[in-house]
Amino acid sequence: MSRPFRLGLTGSIGMGKSTTAAMFRDLGVPVWDADAAVHRLYEGDAVEPLRALCPEAVVDGRVDRERLRDWIARDPDALPRIEAVVHPLVAADRAAFLNNARGDLVVLDIPLLFETGADAQMDAVLVVTAPPEVQRSRVLARPGMTAARMEILLAKQMPDAEKRRRATHVIETTGLEQTRAAVQSLVSSLRDRKHA
Ligand SMILES: CC(C)(COP(=O)(O)OP(=O)(O)OC[C@H]1O[C@@H](n2cnc3c(N)ncnc32)[C@H](O)[C@@H]1O)[C@@H](O)C(=O)NCCC(=O)NCCS
Ligand SMILES: Nc1ncnc2c1ncn2[C@@H]1O[C@H](COP(=O)(O)OP(=O)(O)OP(=O)(O)O)[C@@H](O)[C@H]1O
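Residues numbered from 1 in each chain as written. Chains lettered and ligands numbered in written order. Predicted model: local features only at pLDDT ≥ 70, side-chain atom pairs only at ≥ 80, totals over all residues. Heavy atoms only, no water.

Around ligand 2 sit 15 residues, and of these Lys 17, Ser 18, Thr 19, Arg 142 and Thr 179 come closest. Starting from 630 Å² of accessible surface for ligand 2 in isolation, the protein chains cover 73%. Elements supplying a minimum of two residues to the shell around ligand 2: α1 (17-26) and α9 (176-192). Among the elements that make up the shell around ligand 2, the one with the highest residue count is α1 (three residues). Classifying every residue of the shell around ligand 2 gives three nonpolar, nine polar and three charged. (Near = heavy atom within 4 Å. Areas by Shrake-Rupley, 256 points an atom, 1.4 Å probe, with all protein chains shown as cover. Helix = DSSP H or I, 4+ residues; strand = E, 2+ residues; numbered from the N terminus. Nonpolar A, V, L, I, M, F, W, Y, C, P; charged D, E, K, R; others polar.)

This next bit is on the layout of surface pockets. Estimates place the volume of the largest pocket at around 1400 Å³. As for the largest pocket, its lining consists of 40 residues, and the residues nearest its centre are Asp 35, Arg 65, Pro 111, Leu 153 and Gln 157. Here the element with the most residues in the lining of the largest pocket is helix α5 (residues 78-100); it accounts for eight residues. Residues of the lining of the largest pocket, tallied by class, amount to 21 nonpolar, eight polar and eleven charged. Lining the lining of the largest pocket are residues from two domains, each supplying at least three of them: domain 1 (1-30 + 105-196) and domain 2 (36-100). (1 Å grid on protein atoms, 1.4 Å probe; cavity = no way out; pocket = protein on both sides within 12 Å on 5 of 7 lines; lining within 4 Å. Points joined across faces, edges and corners; volume = space filled by probe spheres on them. Domains from an automatic or database assignment.)

What surrounds ligand 1 is a group of 18 residues, the closest being Tyr 42, Arg 65, Arg 69, Glu 83 and His 87. A distance of 2.7 Å separates an oxygen atom of ligand 1 from a polar side-chain atom of Arg 65. Take Arg 149: an N or O atom from its side chain is 3.3 Å from an oxygen atom of ligand 1. Bound to the protein, ligand 1 loses 90% of the 770 Å² it would expose on its own. Given that more than half its atoms are within 2 Å of the pocket grid, ligand 1 belongs to the largest pocket. For the shell around ligand 1, the residue count by class is ten nonpolar, two polar and six charged. When residues of the shell around ligand 1 are assigned to domains, at least three map to each of domain 1 (1-30 + 105-196) and domain 2 (36-100). (Polar contact = N/O pair within 3.5 Å; in protein donor to acceptor, adjacent residues only side chain to side chain. Sits in = over half its atoms within 2 Å of the grid points.)

Before going further, it helps to examine the domain arrangement of the protein chain. Parsing the protein chain into structural domains produces domain 1 (1-30 + 105-196) and domain 2 (36-100). Each of domain 1 and domain 2 was reduced to a C-alpha centroid, and the two centroids are 22 Å apart. Contact with domain 1, which involves eleven residues of that partner, is made by seven residues of domain 2. Summed over both sides, the interface of domain 1 with domain 2 buries roughly 910 Å², with 69% coming from carbon and sulfur. In terms of surface lost to domain 2, no three residues of domain 1 exceed Leu 108, Arg 149 and Lys 156, which account for 35% of the buried area on that side. (Contact = heavy atoms within 4.5 Å. Buried area = accessible area lost by both parts, 1.4 Å probe.)

Moving on: unusual backbone geometry. Even without being a glycine, Asp 60 presents a positive backbone phi close to 55 degrees. The topology assignment puts Asp 60 in the loop between β3 (58-59) and β4 (62-63).

Scanning the entire structure with this criterion turns up 15 salt bridges. Here Asp 26 makes a salt bridge to Arg 180, at a shortest N to O gap of 3.5 Å. You can see Asp 26 sitting in helix α1 and its partner Arg 180 sitting in helix α9, a full 154 residues away along the chain. On the basis of relative accessible area, Asp 26 is assigned to the exposed category, the value being 59%. Here Glu 177 makes a salt bridge to Arg 180, at a shortest N to O gap of 3.9 Å. Placement of both Glu 177 and Arg 180 in helix α9 is noted, with a separation of three residues, approximately one turn of the helix. Judged by relative accessible area, Arg 180 falls into the partly exposed class, the value being 35%. Among the charged side chains, a network of salt bridges with common partners joins Asp 26, Glu 177 and Arg 180. (Salt bridge = Lys/Arg side-chain N within 4 Å of Asp/Glu carboxyl O. Buried < 20%, exposed > 50% of the residue type's maximum accessible area, 1.4 Å probe, protein only.)

This is how it looks when you write it as structure tokens:
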């Protein structure tokens, strides 16, 4: 049996990846979620290596994201050092999902898909997008988010225009019903097609 078609799902912060991923799940498509993998790792395999970098980031045997955020805000080297630990563990979790995946189509929701080179492992890439002012107001509405933190994360992400340029598919997330219809139509077209 041939392996499932791999659709990468990405987009900049606040562009609607999680919301769009849920729409694929509603259609019965298995979704691997990189952020969820990080959450699992912060209660498991990432604890000891991150404790070695920053002992105060571990509280009650788990990595505390608030403490990581404080460290990132204080120290410009913190995020690259965290990434050097976390990205290989995330890549291993993704490889395990792909090894076990069955069916005709799977989605991989990866915020840093292009930045980490994971796009090379995808058969197609869907980029979700929205106008900058919509993105900004969504992100700033989150608890714990500040304009300064948003700027740090945005500066680390490939610009939206570049992501759209590299995408095989683009969906606007300015309305739930319109996004749901676009997801439905993409799933139908991918399920109809054969891949190499
Ligand atoms: C910085 C941390 C502590 C913030 O945690 P918090 O729960 O507050 O936010 P969350 O994880 O939901 O991220 C918020 C937004 O920032 C973006 N983001 C997260 N990490 C990164 C990063 N390394 N580079 C660029 N953007 C990032 C996410 O895509 C999301 O859009 C956390 O994201 C983290 O530990 N990041 C390092 C691990 C990593 O690289 N994760 C990316 C997925 S592989
Ligand atoms: N299709 C849509 N129509 C209207 N609003 C949307 C749509 N998709 C997402 N939103 C709104 O945008 C906000 C951010 O969406 P979501 O959490 O899915 O983004 P994300 O890309 O996963 O974010 P992050 O990268 O920061 O984790 C949510 O408050 C959600 O209500």
